[in-house]
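Examination of the molecular architecture
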Amino acid sequence: MDDRAGQWDYDLLVIGGGSGGLACAKEAAQLGRKVAVVDYVEPSPRGTRWGLGGTCVNVGCIPKKLMHQAALLGGLIRDAPHYGWEVAQPVPHDWRKMAEAVQNHVKSLNWGHRVQLHDRKVKYFNVKAGFVDEHTVRGVAKGGKEILLSADHIVIATGGRPRYPAHIEGALEYGITSDDIFWLKESPGKTLVVGASYVALECAGFLTGIGLDTTVMMRSIPLRGFDQQMSSLVTEHMASHGTRFLRGCTPSQVRRLPDGQLQVTWEDHTTGKEGTGTFNTVLWAVGRVPDTRSLNLEKAGVDTSPSTQKILVDSREATSVPHIYAIGDVVEGRPELTPTAVMAGRLLAQRLFGGSSDLMDYDKVPTTVFTPLEYGCVGLSEEEAVARHGQERVEVYHAHYKPLEFTVPGRDASQCYVKMVCLREPPQLVLGLHFLGPNAGEVTQGFALGIKCGASYVQVMQTVGIHPTCSEEVVKLRISKRSGLDPTVTGCG
Amino acid sequence: KSSKSPKSPGPGKAGDAPNRRPGHVRGARVASPPERRARLASPGPSSSSEAREELRRRLLGLIERGGVVIFSKSYCPHSTRVKELFSSLGAECYVLELDQVDDGAKIQEVLLEITNQKTVPNIFVNKVHVGGCDQTFQAYQSGLLQKLLHEDSAYDYDLIVIGGGSGGLSCAKEAAILGKKVMVLDFVVPSPQGTSWGLGGTCVNVGCVPKKLMHQAALLGQALHDSRKFGWEYNQQVTHNWETMTKAIQNHIRSLNFGYGLSLREKAVAYVNSYGEFVEHHKIKATNKKGQETYYTAAQFVIATGERPRYLGIQGDKEYCITSDDLFSLPYCPGKTLVVGASYVALECAGFLAGFGLDVTVMVRSILLRGFDQEMAEKVGSYMEQHGVRFLWKFIPVMVQQLEKGSPGKLKVLAKSTEGTETIEEVYNTVLLAIGRDSCTRKIGLEKIGVKINEKSGKIPVNDVEQTSVPYVYAVGDILEGKPELTPVAIQSGKLLARRLFGASLEKIYHTLFWPLEWTVAGRENNTCYAKIICNKFDHDRVIGFHILGPNAGEVTQGFAAAMKCGLTKQLLDDTIGIHPTCGEVFTTLEITKSSGLDITQKGC
């Protein structure tokens, strides 16, 4: 037992002011505890920095979805004449105007977070934190001023930052990442996106959608870990809407040409040849690394995974040091999603200070990839279901459908597809739901609940459809893959 | 689609008979209905004489269907011999094992009344009571049984469906897939303004489909407005062209009409574009556009004639007003429009017309969206008001007068207050009536064969297998009495229902306002979109009502409806991870109860 027990500055100190950290801090304050949050944004290699709120608000979900919306509006503008709106085409897009509007909204959220902390009497320090010992953290402000903060409980919620492929010549000097793209003042122009993660595809999707020449370079498969049939439909749709794909390729060098353009050299592993191209911008989206370097975790004795450097925790989010916890993207084996971090943070505060014993349930977490054609999913992919239960015990119901809104402007709906992965044995428990189409997030959320409630195929089929929507296709899934019948939906009812 | 199946009371048990529904036995030589201890009649009607009457109707319905019907007991060796006999003759049988249904004993009593025979097996062939095991074998040896079996097609069709809308078509196609000979009669009586349309009924032609497309067109107007804030650049004033839109929508509808016709042909369903009217039992008169009459007979009928918009019955209404039957194919822009009514049809039409930039007024007699949660209804109304729709509360039109002909012309509307003597007069280009819909049941000869309708509403009362008072006549869709029309699921889970079931004090209501992310940059109003759930405190906070006002409400609601079917509780909502950033995720973080009176405006993310 530490002899300073009971004399800490704070009951709870949260390191990292992102979604998870803020949720945890606010909940603890609500429960009457003395709480502090330290947050510091290390500028990206390009010098981009931002305010309170973490990745989601500043360089993640929020600006991403707003730029996705800008791209969707481009599609709607092209639809509009078919619906009688007289708009001369083509309509050009102004990056500066969009970026400024998006950034203004983000800044208003930064301010909102500050106000919320203040309202709940959570002390906020804009300092870079490192452990001194297992109850004490040293904070260093921008000007170099230091402060020591001690707390009974400490929560690490520092999240992650984009990975740079440091081994590639020119990568760090000339490339940008998702930390920068949303804060660019000028249009990125012709862009090469390297990577096949959802970040890569989402960025490439909205860049294409606002009219930029965009290429995605991927080493192997898109959206690893997601259902692969859905993933290939996602990229197929992107390709048919103007995104170029360089598959089986890895970049080897980035050079700046005299005219300021970037020349990228890559290896094509299928042909064995070398390729080159020039771009205005190279965006790395090759994964994220946990932000643990400057924390001096070894001073507190917090263990990390040797391979990923992520922090190891138990089901109560406790690290190897019992009163130090970790939540969100910085933790080994957790989904890198805002709502999971938020819920984990709140539940942790309730366990620490509210007498609760509820643990965070990381099973059946729904999510949506905001590619131009959105992909919503919850539960198991078809591959995972087959791996766990065997081909013979899994039934997959599926349909190709056409959103009603697509008909009038004659939009191609080849990739609009929904599939439900079930156990084959009655009543056919639903294992996973995968939806590709407009508003996939809105469609998936409710079904995620149904699946959480243990929905069976039979129960979903007993639900009355809402007509005419895309989500009603889910409650009308009658054709199993096993039957081999054509899953194309024709007409209503 | 399983409209003719007896309802089964609960989950199946291992080792029971094959999983097959009794209504669908073609193609199987011997089918044992149903798979578990079902009952033929639901335990519904309270008095025993009613129940007996109901059971009798069901049995007659079974027998009237024709083919071989065997009332049997699974352990009875005589029954087995008879089943084997029919099987060897290649005849399909409908077998009801009386020892495997809950009301077997009662069925036997009713069979005694009908046939004077209490024992099993009790056999019918093409509606003729053959008798028991011995009589059947005698008939077989004399060749009479074979003769009876081949008198299969005493009628032209197994099934005639009157009405080619959503309900009628799906029923016809399903019956055809099961090997039945089916006809669909569909005839659109032109509206008083002369509008008519193709196969597919209300939904496709003058309902959900064109409605949602015009709604989408109006949303695009908003999207265009938003898009400048998102960096899209154009300076011209954007105007809306009604003709371009209507033409595109009508083209899509025609392709759907064609698709329906094609799918009927593919399934070998006979489609006749004629008006159907019963003339005697099992017989219908079909009158085509030219007035030519043809007669058809069928073993069974399904009435699926749907509803048509109601008129006010005031001077000038049928001459000068239009309804939703006319609006979607109107060849000219309606201009300044008065929408009369407060149904969802009225508000949807008013909403998209205003979205095109038209001057729109809604005249409301009493309340908006009767039957829906009234708090949500009021919010819908005030949103529309903020977006340029004018409401005239507590007025009803008394006269419509044409001032000028034209496309559109000019109409003077005189209206009076429902509360006093005040009258108002105003000139519009178009008057759209959306005051309700009437069932098309009064001019199809139902009285000739004794199908009962509710004289007041025109709706057809049916039992829980959609059977009318005449055993071989069924009804589906909007014309059913006391069954929900295909309106949003919200209607099933509204506050009114909750109140009726549990009383207001047992509810706990969680709610919040929210600001869709897409609206932020576009600078659209905050604290307009609203989410609300109603929980039953005494049933583990089970969610009994779900309401959302905001973009993509249909897409959001569908999944939650499925979850409510699975017994959704507040706890499960709280345990579910949100999908970020969406509108749907607000339901996973609802914290504020209505009774707390706390502020529900949203800040931050």
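Residues numbered from 1 in each chain as written. Chains lettered and ligands numbered in written order. Predicted model: local features only at pLDDT ≥ 70, side-chain atom pairs only at ≥ 80, totals over all residues. Heavy atoms only, no water.

- As annotated in an unreviewed UniProt entry, chain B is thioredoxin-disulfide reductase (NADPH) from Cebus imitator.
- Word for word, the UniProt comment on chain B under Catalytic activity (unreviewed entry) is "[thioredoxin]-dithiol + NADP(+) = [thioredoxin]-disulfide + NADPH + H(+)".
- The annotation that UniProt attaches to chain B under Sequence similarities (unreviewed entry) is "Belongs to the class-I pyridine nucleotide-disulfide oxidoreductase family." (UniProt positions renumbered as here; feature names shortened; annotations may be inferred.)

- As recorded by an unreviewed UniProt entry, chain A carries the name thioredoxin-disulfide reductase (NADPH) and is attributed to Cebus imitator.
- We quote the UniProt Catalytic activity (unreviewed entry) comment for chain A here in full: "[thioredoxin]-dithiol + NADP(+) = [thioredoxin]-disulfide + NADPH + H(+)".
- Quoted verbatim from the Sequence similarities (unreviewed entry) field of UniProt, the annotation for chain A is "Belongs to the class-I pyridine nucleotide-disulfide oxidoreductase family."

**Details of the UniProt feature "binding site: NAD(+)" (unreviewed entry) in chain A**
Residues and elements named next belong to chain A.
- According to UniProt, the "binding site: NAD(+)" (unreviewed entry) feature falls on Gly195, Ala196, Ser197, Tyr198, Val199, Ala200, Leu201, Glu202 and Gly287. Spanning 93 residues, the named residues form one tight spatial group whose C-alpha atoms are at most 13.6 Å apart.
- Note on placement: Ser197 falls in the loop between strand 10 (191–194) and helix 7 (198–209).
- Apart from the residues within four sequence positions on either side, Ser197 is in contact with Leu223 and Ala285. (Helix = DSSP H or I, 4+ residues; strand = E, 2+ residues; numbered from the N terminus. Contact = heavy atoms within 4.5 Å.)

**Let's talk about helix 8 (residues 228–240) of chain A**
Residues and elements named next belong to chain A.
- Here helix 8 contains 13 residues, and its C-alpha end-to-end distance of 18 Å stays within 8% of the 18 Å for a straight helix at 1.5 Å per residue.
- Among the residues making up helix 8, those that are buried are Met230, Ser231, Leu233, Val234, Thr235, His237 and Met238.
- In the core, the buried residues of helix 8 are packed alongside helix 7, strand 11 (214–218), strand 12 (244–247), strand 20 (375–379), strand 22 (417–423) and strand 23 (430–436).
- The N-terminus of helix 8 is capped by Asp227, whose side-chain oxygen sits 3.1 Å from the backbone nitrogen of Gln229. (Expected span 1.5 Å × (residues − 1). Buried < 20%, exposed > 50% of the residue type's maximum accessible area, 1.4 Å probe, protein only. Polar contact = N/O pair within 3.5 Å; in protein donor to acceptor, adjacent residues only side chain to side chain.)

**Some remarks on the environment of A:Pro335**
Residues and elements named next belong to chain A.
- Summarising the element assignment, Pro335 is placed in the loop between strand 18 (324–326) and helix 10 (338–353).
- Using a relative accessible area of 26% as the deciding quantity, one classes Pro335 as partly exposed.
- Separated by 32 residues in the primary sequence, Pro335 and Thr367 place their C-alpha atoms 9.9 Å from one another.
- Excluding its chain neighbours within four sequence positions, the residues that come into contact with Pro335 are Asp329, Thr340 and Tyr362.

**Some details on the sheet that holds strand 24 (residues 507–514) of chain B**
Residue and element names in this part refer to chain B.
- Strand order in the open sheet formed by three strands is 24-25-26, and the pairing between neighbours is antiparallel. Pairing within the sheet leaves two strands with one partner each, and these edge strands are strand 24 and strand 26 (542–549). For this sheet, the mean angle separating the axes of adjacent strands, direction not counted, is 10 degrees.
- Sheet topology note: the strand 25 (residues 529–536)/strand 26 ladder contains seven bridges and is antiparallel. In the sheet register, Ala531 faces strand 26, and the bridge partner there is Ile548. (Pairing = 2+ DSSP bridges. Axes fitted to C-alpha atoms, helices over the stretch in contact; angles between N-to-C directions.)

**Regarding the packing of helix 7 of chain A against helix 8 of chain A**
Residues and elements named next belong to chain A.
- One can describe the packing of helix 7 onto helix 8 by two numbers: an axis separation of 11 Å at closest approach and a directional angle of 25 degrees. The orientation of helix 7 with respect to helix 8, classified from their angle, is roughly parallel. Our pair here, helix 7 against helix 8, has a crossing hand that is left-handed. Touching Leu201, Ala204 and Gly205 of helix 7 are Val234, Thr235 and Met238, all from helix 8.
- Looking at the contact of helix 7 with helix 8 residue by residue, the classes come out as four nonpolar, two polar and no charged. (Parallel < 35°, antiparallel > 145°, perpendicular 65-115°, else oblique. Left-handed = near helix turned anticlockwise from the far one by under 90°. Nonpolar A, V, L, I, M, F, W, Y, C, P; charged D, E, K, R; others polar.)

**Observations regarding the sheet that holds strand 18 (residues 395–404) of chain B**
Residue and element names in this part refer to chain B.
- Across the sheet, which stays open at both edges, the three strands sit in the order 18-19-20 with antiparallel pairing between neighbours. Strands at the two margins of the open sheet, each flanked by one partner only, are strand 18 and strand 20 (423–428). Going from strand to strand, the sheet's axes swing by 20 degrees on average, the running direction of each strand aside.
- Strand direction decides the pairing type here: strand 18 and strand 19 (residues 410–417), joined by eight bridges, are antiparallel. In the sheet register, Val400 faces strand 19, and the bridge partner there is Val413.

**Regarding the UniProt feature "domain: Pyridine nucleotide-disulphide oxidoreductase dimerisation" (unreviewed entry) in chain B**
- Within the UniProt annotation, "domain: Pyridine nucleotide-disulphide oxidoreductase dimerisation" (unreviewed entry) is assigned to residues 508–589 of chain B.
- Note that residues 508–589 of chain B is 29% helix and 28% strand, and that its end C-alpha atoms are spaced 15 Å apart.

**A word on the pairing of strand 1 (residues 10–15) of chain A**
Residue and element names in this part refer to chain A.
- Of all six residues that make up strand 1, five are buried, and the element is covered over most of its length.
- Taken together, the five bridges between strand 1 and strand 7 (residues 146–156) define a ladder with parallel strand orientation. Its bridge partner lying in strand 7, Ile15 is registered against Ile156.
- Bridging between strand 1 and strand 2 (residues 35–38) involves four bridges; their strand directions are parallel. Counterpart to Leu13 in the pairing with strand 2 is Ala36.
- In this region the chain leaves strand 1, passes through helix 1 (residues 19–30) and returns to the parallel neighbour strand 2; the handedness of that crossover is right-handed. (Right-handed = clockwise from strand over helix to strand, strands pointing away.)

**As for the packing of aromatic side chains**
- The final tally for this structure, using the stated rule, is 17 aromatic pairs over all chains.
- Residues A:Phe182 and A:Phe206 carry aromatic rings whose centres are separated by 6.0 Å and whose planes lie at 35 degrees to one another, so their mutual orientation is tilted. Of this pair, A:Phe182 sits in the loop between helix 6 (178–181) and strand 10 while A:Phe206 sits in helix 7, placing them 24 residues apart in sequence. For the residue pair A:Phe182 and A:Phe206, the accessibility class agrees, reading buried in each case.
- Taking 6.1 Å as the distance between ring centres and 75 degrees as the angle between the ring planes, the aromatic pair formed by B:Trp242 and B:Phe356 counts as edge-to-face. You can see B:Trp242 sitting in helix 9 (residues 242–266) and its partner B:Phe356 sitting in the loop between helix 12 (344–355) and strand 16 (360–364), a full 114 residues away along the chain.
- Connected via pairs of aromatic rings, a cluster forms that spans A:Trp85, B:Trp242, B:Phe328, B:Phe352 and B:Phe356.
- Lying over the aromatic face of B:Phe137, B:Arg81 brings its terminal NZ or CZ to 4.4 Å of the ring centre.
- When the ring centre of B:Tyr530 is taken as origin, the NZ or CZ atom of B:Lys379, which lies over that ring, is 4.4 Å away. (Phe/Tyr/Trp six-rings, centres within 6.5 Å; stacked < 30°, edge-to-face > 60°. Lys NZ or Arg CZ within 6 Å of the ring centre and 35° of its normal.)

**A short note on the nonpolar core**
- Among the nonpolar cores identified, the biggest contains 179 residues, and A:Trp85, A:Met420, B:Phe356 and B:Phe587 are the most heavily contacted of them.
- Examining the composition of this core, we find that nine residues originate from one element, helix 8 (residues 208–229) of chain B, more than from any other.
- With residues near it in sequence (within four places) discarded, B:Phe356 still touches A:Trp85, B:Met214, B:Ala217, B:Ala218, B:His240, B:Trp242 and B:Met245.
- If you look at the next biggest cluster of nonpolar residues, it comprises 27 residues, including A:Met343, A:Met360, A:Val365 and B:Ile577. (Core = buried A, V, L, I, M, F, W, Y, C linked by side-chain atoms within 4.5 Å.)

**As for the interface of chain A and chain B**
- In this complex, chain A contributes 81 residues to the contact, which on the side of chain B involves 75 residues.
- A combined buried area of about 7,100 Å² lies between chain A and chain B, and 69% of that area is made up of carbon and sulfur atoms.
- The tally of links from chain A across to chain B stands at two salt bridges.
- Salt-bridge contacts for B:Lys212 lead to A:Glu405; the nearest nitrogen and oxygen are separated by 3.6 Å.
- The interface formed by chain A and chain B contains 22 residue pairs in polar contact (both at pLDDT 80 or more).
- Each residue belonging to the side of chain A that touches chain B can be placed in one class, and the counts come to 42 nonpolar, 28 polar and eleven charged.
- Two elements, strand 3 (residues 85–86) of chain A and strand 8 (residues 239–240) of chain B, share two bridges in a ladder whose sense is antiparallel. Counted as the bridge partner of A:Trp85 is B:His240 from strand 8 of chain B. (Buried area = accessible area lost by both parts, 1.4 Å probe. Salt bridge = Lys/Arg side-chain N within 4 Å of Asp/Glu carboxyl O.)

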